Every structure is written in structure tokens, then in C-alpha cells.
Amino acid sequence: TNLREIDRMKSEFLSTAAHELRTPLTSIQGFSEILLTRENLDENERKKYLSYINRQAVKLAKIVGDLLDVARIESGKGFTINRENCSLEKLFSDVVPYFENLSLKQRFEVCLPGKPVSFFADINLMEQVMKNLLSNAIKYSPGGGIIKISGDEDNGFVSVSVEDQGIGMKPEQKDRIFEKFYRVDASDTAPEGTGLGMTIVKYIVEKHGGKIWIDSELGKGTKVHFTIPIKEFYNRDLQ
């Protein structure tokens, strides 16, 4: 039974990886061939095709990064956590504007307490968590709406949530959201993705001594919550 499950996961991994890698690679190949073979392109056309190539290269790098991250987790190596003093306000201000410029349909609301909130964490990994959650909120809100990003301090923890007004999930979908390769919508018209992002997010949050959970209702949207200890886990880890 275990061998069959391993074989199934390997097949699923190869199928997902091949499918997700093929799309950006095909686009990069096609647009680069246009640039190489058409001599009558003006400067605006060249910039347009180069921007297509750049966007697909960014997608390709994200896919490869997710696959490598999961491979490290599965091998037991995981991530090296380099904790430093982080500001919740700076974390949001470094990440949210990128998605505001990326998406024209959604409106972003950032809610922070009146006083500064600092905590010890790996800032690069925290940015990875936020980028993944915001990317999902956009992907699964095709009709637009408000995406609310909230942060606060609660009994020695930093508490963060990302809430959308998108398609939401059924209870059985919500229960599987942290499984490797699981996607809420796996149809041919589904948003792009490997189904690895939430697996990686959960690992990062728990590696910091935190917790992550989801509230979701089909047709009404999804809210992802996570908490990170402000000091206690960091100090204990140094001892």
C-alpha cells in the first residue's frame, strides 16, 4: 500500500510539474522565435514581446521554486530560518503594492493597529507567505471585490489574515487545501498553479512556531489566518 501511494504521488508530481512547466516554456519559445525571425518589428512590438517573455519567465521561476521548496521539505532538509526583528507594517508595505499594481479588478484594504508591531521571524519567508496568500486571493476572486489584509498583536502572537470575496470552498475542499498538489479548481480553465503553495506556507508558519487555518464558504469567499509568536519561540529556539 505504501509503495502504491509513493508511485501515485510520483506520477502526480511528474504530471503536475510537466503541465505547469510546459505553458510558460511554450510562451517563451514562441515569443523569442518571433523576435529572432521577424526583422520588421518596431520598438513597441519588441518591448511587448519581451514583456511577455519576462512575465512567463517569472512564472517559470515561481514553479521551479515551489518544486525545490517541497523537495527540501520532503527530504527533511527544510528551510534555514534566519530570524530578525521584523515590522508588521513594513512586511505589508513591501508586499501589498506589488499586487495592487498587478491586479485591476480587486481593491485592497490594509488594517493595522494604531501602534507598531514587531516580531522575530525570517522576513524573506514571511514575504513568501504573504505573496502566496495574496496571489491565491487574486486568482480565486475572478469577479473582483475587496481583498482585506489585517494584522495585529494578540497575547504574544502576531495575528495576520488575508480575506477575499471570491469563489470560496466547500468543506471537503477546505479540509484538503494544505495537501501537496491539491487545487480547489483542477479543470482546464482553472487558475495556474502547482498546488504546492499552501503546503509550503503551512510549513513556514509552523517552522516559526505558529499556526494557520482557513475559514471559507462556497460563493462567498475565503479568509486565511496565521499566527507567529512575537518573542517566546524565538528566545526558546536560541537556548
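Preceding this paragraph is the structure being described.
Residues numbered from 1 in each chain as written. Predicted model: local features only at pLDDT ≥ 70, side-chain atom pairs only at ≥ 80, totals over all residues. Heavy atoms only, no water.

*Asks:* Let's hear about the packing of helix H4 (residues 123-139) against helix H6 (residues 197-207): which residues, and what values?
*Replies:* At their nearest, the axes of H4 and H6 sit 10 Å apart, and the two run at 145 degrees to each other. Crossing of H4 over H6 shows left-handed handedness. Where H4 approaches H6, its residues Leu125, Met126, Gln128, Val129, Asn132, Leu133 and Asn136 are matched on the opposing element by Gly197, Met198, Ile200, Val201, Ile204 and Val205. (Axes fitted to C-alpha atoms, helices over the stretch in contact; angles between N-to-C directions. Helix = DSSP H or I, 4+ residues; strand = E, 2+ residues; numbered from the N terminus. Left-handed = near helix turned anticlockwise from the far one by under 90°. Contact = heavy atoms within 4.5 Å.)

*Asks:* Account for the nonpolar core, with residues named and values stated.
*Replies:* In this structure, Leu91, Phe119, Met126, Met130, Leu134 and Phe226 are the most contacted members of the largest nonpolar core, which totals 47 residues. Among the elements that take part in this core, H4 stands out by supplying nine residues, more than any other. Not counting chain neighbours up to four residues away, the residues in contact with Phe226 comprise Met126, Val129, Met130, Leu133, Val158, Ser159, Val160, Val205, Lys211 and Ile212. In terms of nonpolar packing, the next biggest core, distinct from the first, is built from five residues, Leu35, Leu41, Tyr49 and Ile53 among them. (Core = buried A, V, L, I, M, F, W, Y, C linked by side-chain atoms within 4.5 Å. Buried < 20%, exposed > 50% of the residue type's maximum accessible area, 1.4 Å probe, protein only.)

*Asks:* Can you lay out H4 for me, pointing to particular residues and giving the numbers?
*Replies:* The first and last C-alpha atoms of H4 sit 24 Å apart over 17 residues, in line with the 24 Å expected at 1.5 Å per residue. Within H4, burial applies to Ile123, Leu125, Met126, Glu127, Val129, Met130, Asn132, Leu133, Leu134, Ala137 and Ile138. Looking at where H4 begins, the residue whose side-chain oxygen comes 3.1 Å from the main-chain nitrogen of Asn124 is Asp122. (Expected span 1.5 Å × (residues − 1). Polar contact = N/O pair within 3.5 Å; in protein donor to acceptor, adjacent residues only side chain to side chain.)

*Asks:* Give a description of the pairing of strand S3 (residues 118-121) that names residues and reports values.
*Replies:* Side chains of S3 alternate between two faces, with Phe119 and Ala121 buried and Ser118 and Phe120 left unburied. As judged from the four bridges shared by strand S1 (residues 84-87) and S3, these two strands associate in the antiparallel manner. What sits directly across from Asn85, in S3, is Phe120. (Pairing = 2+ DSSP bridges.)

*Asks:* I'd love a proper account of helix H2 (residues 43-75), names of residues and values included.
*Replies:* The end-to-end C-alpha distance of H2 is 47 Å, a good match for the 48 Å that 33 residues give at a rise of 1.5 Å each. Considered for burial, the residues of H2 that qualify are Tyr49, Ile53, Gln56, Leu60, Ile63, Asp66, Leu67, Asp69, Val70 and Ile73. At the N-terminal end of H2, a side-chain oxygen is found 3.1 Å from the backbone nitrogen of Asn44, two or three residues along, and the residue is Asp42. A positive backbone phi angle near 90 degrees is found at Gly76, which sits one or two residues after H2.

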